[in-house]
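A closer look at the structure
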Amino acid sequence: MTLPATQDADGLAAGPVRVDLLYEPSGRKVRVPAGVTLFDAASWNGIAIDSTCGGHGTCKKCKVQVLDGAAPPTALDERAFRPDELRDGWRLACRAEAAGDTTIHVPPLVTRPKAATVGVGRQVILRPAVQKRYLELDEPTLADQRSDLERLLAAMDDLELRADLHALRAIGPALRQADYQVTAVIVDDVLIDVQPGDTSGRIFGIAFDLGTTTVVATLLDLATGTPAAVASALNAQQPFGADVITRISATMLDPETLGRLTGLAHQTLAELAAEVCAEAGVDPAEVYEIALAGNATMTHIALGIDPEPLGVAPFILAARLLPEVLAADLGVAVHPRARAVVFPPFGAYVGGDITAGLLASGMDRDQRTRLFIDIGTNCEIVLGNRDWLLATAAPAGPAFEGAAIRCGMRAADGAIEVVTMTPEALDLKVIGDAEPAGLCGSGLVDAVTGLIRLGLLDSSGRLVPEERAAELAPGLASRLTTLGAERVFVLHWLGEPGDVAHSVYLSQRDVRELQFAKAAIATGWRILLEEAGLQPTDVQQVLLAGSFGSYLSPANAIRLGLVPEVGVLRVVSAGNVAGEGAKMALLSVRERAGGLALLEEVRYVELSDRADFNDRFVDQLAFPS
Ligand code: FES
């Protein structure tokens, strides 16, 4: 997709030209790239315009009146309106493009447009790229010897379609088998299949969140916008390393490894696709599109592209905008012509998962200045509002995944996920109601903030002497002890009380790991704020994303200094935003285009070449006192 761009004084592209649209009588003003249709601009911003075809130009219900500004009538307008109506500015909103600032009158709704709530509370008006049309055609005669394709396309003359070979193979048998009553399957402007009878109600897509650790698949009913089934699995690449760097290193050590990793990514995606289809009773051949959001390394590997240049300075992507890919290219056995929408990365360490996350959170459309933080081994940070966006990546290390923590583990059964402390007692919440076996990222953060709050951990990150602990928290002092030469705080005795070696504990070194992670993240967002000329208090909302961010308590994130000190209600767990963004891309072509446009709107700030990074990092090691 190409967007018009303005030129700044240096002749550099300065982003797409934007226009202001005022929708009456609601008085809602929206700012969108020029060239967007009045229908898309409205639905993109949650303003409902009548429609039963979702903006495909077939229902003629999206009538609006342009009160001020230019919108030349299209060929379809000339069929839909009388000349006097055209003169009065009546247009079909899904065909009228916003060329300049425009005021539009929207009549009251007669039908209710289909919409779905996805992303961070976003209302998306359904307009998938996939559509089905049921057609009843005249049979050929000696007087009407049009080809099968001509006959079919003539019945859909509001669309300019191309047919692919698969559709050409299907068309003849379908027409003759079903007495010329068939369903055309269209993706954007390509006819991909022709099916006997009316199958127009069966139309599905699968959204994948391809994580380094976990992969999630959501089967979506594209006719209604509702999820039909969800499944998740560990990424089968796990044996090659826990994080992206170890997987890249594995490909560098052995040239065969890339092929094996690609195969394992495909296997994970294929198994999940089969699982969600089976669960919902959907034939995989009814899935016509998939969307995939993943970090740059996972995306490169899944596409069979060598990830090595991502792992070494200057960290270069194979491509930002990816070519058209089919689901089959990713090993996913659905409809043979199903397309795959792969979210493009901004940079080597701000990947397509973040593009999807920004789309889901609507950061590029919100007036408020918001800070988006996706916490993981690599922490992606984006700051901005609808006028500008800055992004960076901070190497947080493996503390949040539990990997660098002595008793750390992944957020699985047996992991302590919540720790509550008073001076007298300690309470643990464990995943799966099991005996505690270790500490996952959120438990680690809870334990450390609890100790800071009680004064058992000072702001430099040191566990206080035992006598001091006995004064401050008499009920917990016996848990503060040593293992070898190292000071530890015991969270749960697995054997006899006092047997530290058989316990789940937090060590002094673990606290240091968390400090490093926190310092990297805080340095990242502070540098972005500085680049934008803002103070921490200017941040109006903090979105915590990713599997870890979603479990982190906002109060603790503030207490640790992981996020700016804004009110606790302004720190929001955004959940799995990458998966939500992938769903939005399947449900709405407008949202998909918005995701692509983000590539032009986000400015990437590289931290690794900044001379002041180390000093700033050291300054951020202390916990707020
Ligand atoms: S939305 Fe159906 S014709 Fe415009």
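Refer to the preceding data block for the structure.
Remember, predicted model here, so these are calculated numbers, not experimental data.

Reading the values: the criteria
- Residues numbered from 1 in each chain as written.
- Predicted model: local features only at pLDDT ≥ 70, side-chain atom pairs only at ≥ 80, totals over all residues.
- Heavy atoms only, no water.
- Helix = DSSP H or I, 4+ residues; strand = E, 2+ residues; numbered from the N terminus.
- Rg over C-alpha atoms; globule rule 2.2 N^0.38 Å.
- Buried < 20%, exposed > 50% of the residue type's maximum accessible area, 1.4 Å probe, protein only.
- Areas by Shrake-Rupley, 256 points an atom, 1.4 Å probe, with all protein chains shown as cover.
- Lys, Arg positive; Asp, Glu negative; His and termini not counted.
- Charge placed at Lys NZ, Arg CZ, Asp CG, Glu CD.
- Pairing = 2+ DSSP bridges.
- Axes fitted to C-alpha atoms, helices over the stretch in contact; angles between N-to-C directions.
- Contact = heavy atoms within 4.5 Å.
- Parallel < 35°, antiparallel > 145°, perpendicular 65-115°, else oblique.
- Nonpolar A, V, L, I, M, F, W, Y, C, P; charged D, E, K, R; others polar.
- Core = buried A, V, L, I, M, F, W, Y, C linked by side-chain atoms within 4.5 Å.
- Phe/Tyr/Trp six-rings, centres within 6.5 Å; stacked < 30°, edge-to-face > 60°.
- Salt bridge = Lys/Arg side-chain N within 4 Å of Asp/Glu carboxyl O.
- Expected span 1.5 Å × (residues − 1).
- Left-handed = near helix turned anticlockwise from the far one by under 90°.

1. Focus on the overall build of the protein chain
If you tally the helices and strands in the protein chain, you get 18 helices and 31 strands. For 625 residues, the compact-globule estimate of 2.2 N^0.38 gives 25 Å, and the protein chain sits close to it at 28 Å. With the principal axes as the frame, the protein chain shows a C-alpha extent of 100 × 50 × 45 Å. Burial statistics for the protein chain: of 625 residues in total, 56% are counted as buried. Counting only carbon and sulfur atoms, one obtains 51% of the accessible surface of the protein chain, whose full area is about 25500 Å². Each charge class in the protein chain can be summarised by its mean position, and for the 53 positive and 80 negative side chains these summaries are 4 Å apart.

2. Let's talk about unusual backbone geometry
Backbone phi values are negative for most residues with the exception of glycine, while trans is the configuration of most peptide bonds. The omega angle of the peptide bond from Glu24 to Pro25 is 5 degrees, so this bond is cis rather than trans. Looking at the secondary structure, you find Pro25 in the loop between β3 (18-24) and β4 (28-33). In this structure, Asp179 is a non-glycine residue whose phi angle is positive, near 50 degrees. Take Asp179: its relative accessible area is 54%, and that puts it in the exposed class.

3. Observations regarding the sheet that holds strand β20 (residues 370-374)
In space, the 6 strands of this open sheet follow the order β30-β29-β20-β21-β22-β31, with mixed pairing throughout. At either end of the open sheet lies a strand with only one pairing partner, and these are β30 (571-575) and β31 (602-604). Averaged over neighbouring strand pairs, the angle between their axes works out to 25 degrees when direction is ignored. Alignment of β20 against strand β21 (residues 378-384), held across 5 bridges, turns out to be antiparallel. Note on β21: the bridge partner recorded for Leu371 is Leu383. Those strands touched by helix α10 (residues 352-361) are β20, β21, β29 (541-545) and β31, and its axis lies near 140 degrees from that of β20.

4. Concerning the packing of helix α6 (residues 244-253) against helix α7 (residues 257-280)
Where α6 meets α7, the axes come as close as 7 Å, and the angle between the chain directions of the two elements is 135 degrees. Classed by the angle they form, the pair α6 and α7 counts as oblique. Mapping the contact onto sequence places Arg247, Ala250 and Thr251 in α6 and Thr257, Leu258 and Leu261 in α7. Among the residues making up the contact of α6 with α7, the classes are represented as 3 nonpolar, 2 polar and 1 charged.

5. What about the nonpolar core?
In this structure, Ile206, Phe208, Ile290 and Leu330 are the most contacted members of the largest nonpolar core, which totals 81 residues. If you tally residues by element for this core, the top one is helix α16 (residues 577-587), at 7 residues. Residues within four places of Ile206 in sequence aside, it is in contact with Ala217, Thr218, Leu219, Ala273, Val276, Cys277, Val287, Glu289, Ile290, Ala291, Val334 and Leu586. Counting 71 residues, the second largest nonpolar core, distinct from the first, contains Ile375, Val445, Leu463 and Ile527.

6. Re the packing of aromatic side chains
Taken as a whole, this structure holds 3 aromatic pairs when the rule is applied. When the centroid spacing of 5.8 Å and the interplanar angle of 80 degrees are considered together, the rings of Phe315 and Tyr349 count as edge-to-face. On the criterion of sequence distance, the pair formed by Phe315 in the loop between α9 (308-311) and β18 (325-326) and Tyr349 in the loop between β19 (339-342) and α10 is long-range, its members being 34 residues apart. Relative accessible area serves as the criterion here: at 15%, Tyr349 is assigned to the buried category. Considering the side-chain rings of Phe516 and Phe617, the 6.2 Å spacing of their centres and the 25 degrees angle between planes classify their relative orientation as stacked. Placement of Phe516 in helix α13 (residues 508-532) and of Phe617 in helix α18 (residues 613-619) is noted, with a sequence separation of 101 residues between them.

7. Overview of the pairing of strand β24 (residues 426-430)
Judged from the 5 bridges that link them, strand β23 (residues 415-421) and β24 form a sheet pairing that is antiparallel. Paired with Val419 across the strands is Leu428, a residue of β24. Hairpin remark: β23 followed by β24, antiparallel, with 4 residues in the connecting loop.

8. As for the pairing of strand β15 (residues 214-221)
The side chains of a regular strand alternate, residue by residue, between the two faces of the sheet. For β15, a buried count of 7 out of 8 residues is recorded, marking the element as mostly surrounded by other parts of the structure. Judged from the 7 bridges that link them, strand β14 (residues 204-210) and β15 form a sheet pairing that is antiparallel. The residue of β15 that forms the bridge with Ile206 is Leu219. Counting the residues that bridge the hairpin from β14 to β15 gives 3 residues. As paired elements, β15 and strand β16 (residues 226-234) share 8 bridges and run antiparallel to each other.

9. What to know about the sheet that holds strand β11 (residues 162-163)
The mixed open sheet is built from 4 strands, whose spatial order is β10-β12-β13-β11. Lying at the two open borders of the sheet, with one neighbouring strand each, are β10 (130-136) and β11. One ladder, built from 7 bridges, connects β10 with strand β12 (residues 181-187); its direction is antiparallel. When the sheet's bridge partners are listed, Leu135 is paired in β12 with Val182. Along the sheet, helix α5 (residues 165-177) contacts β11, β12 and β13 (190-196); its crossing angle with β13, the most-contacted strand, is approximately 25 degrees.

10. Topic: the pattern of salt bridges
Under the definition given, this model contains 27 salt bridges. For Asp189, the salt bridge goes to Arg162, with nearest N and O atoms at 3.5 Å. Of this pair, Asp189 sits in the loop between β12 and β13 while Arg162 sits in strand β11; the two residues are 27 residues apart in sequence, bridging distant segments of the chain. Among the ionic pairs, Arg406 bridges to Glu486, the shortest N-O distance being 2.7 Å. A residue pair is termed long-range when its members are at least 10 positions apart, and Arg406 in the loop between β22 (389-395) and β23 and Glu486 in strand β27 (residues 486-493) qualify at 80 residues.

11. Here we look at α7
Note that an α-helix has 3.6 residues per turn; residues three or four places apart therefore point the same way. The end-to-end C-alpha separation of α7 is 35 Å, in line with the 34 Å expected for 24 residues at 1.5 Å each. Phi turns positive, to about 65 degrees, at Gly281, one or two residues after α7.

12. Re the packing of α10 against helix α17 (residues 589-601)
Contact pair α10 / α17: the axes reach a minimum separation of 9 Å and the direction vectors enclose 125 degrees. As summarised for this structure, α10 and α17 are arranged oblique, according to the angle between their axes. When you trace α10 past α17, the crossing you get is right-handed. Taking contact as the criterion, the partners of Thr355, Leu358 and Leu359 in α10 are, on α17, Glu591, Gly594, Gly595 and Leu598.

13. Brief notes about α10
Burial runs high along α10: 10 of the 10 residues are buried. Within α10 the residues assigned to the buried category are Gly352, Asp353, Ile354, Thr355, Ala356, Gly357, Leu358, Leu359, Ala360 and Ser361.

14. Let's talk about the environment of Trp493
On the secondary structure map, Trp493 appears in strand β27. For the pair formed by Trp493 and Ser503, sequence separation is 10 residues and the distance between their alpha carbons is 4.4 Å. Sequence-distant contacts of Trp493, that is, excluding residues within four places in its chain, are made with Glu435, Ser478, Gly498, Asp499, Val500, His502 and Ser503.

By themselves these figures say nothing about function.
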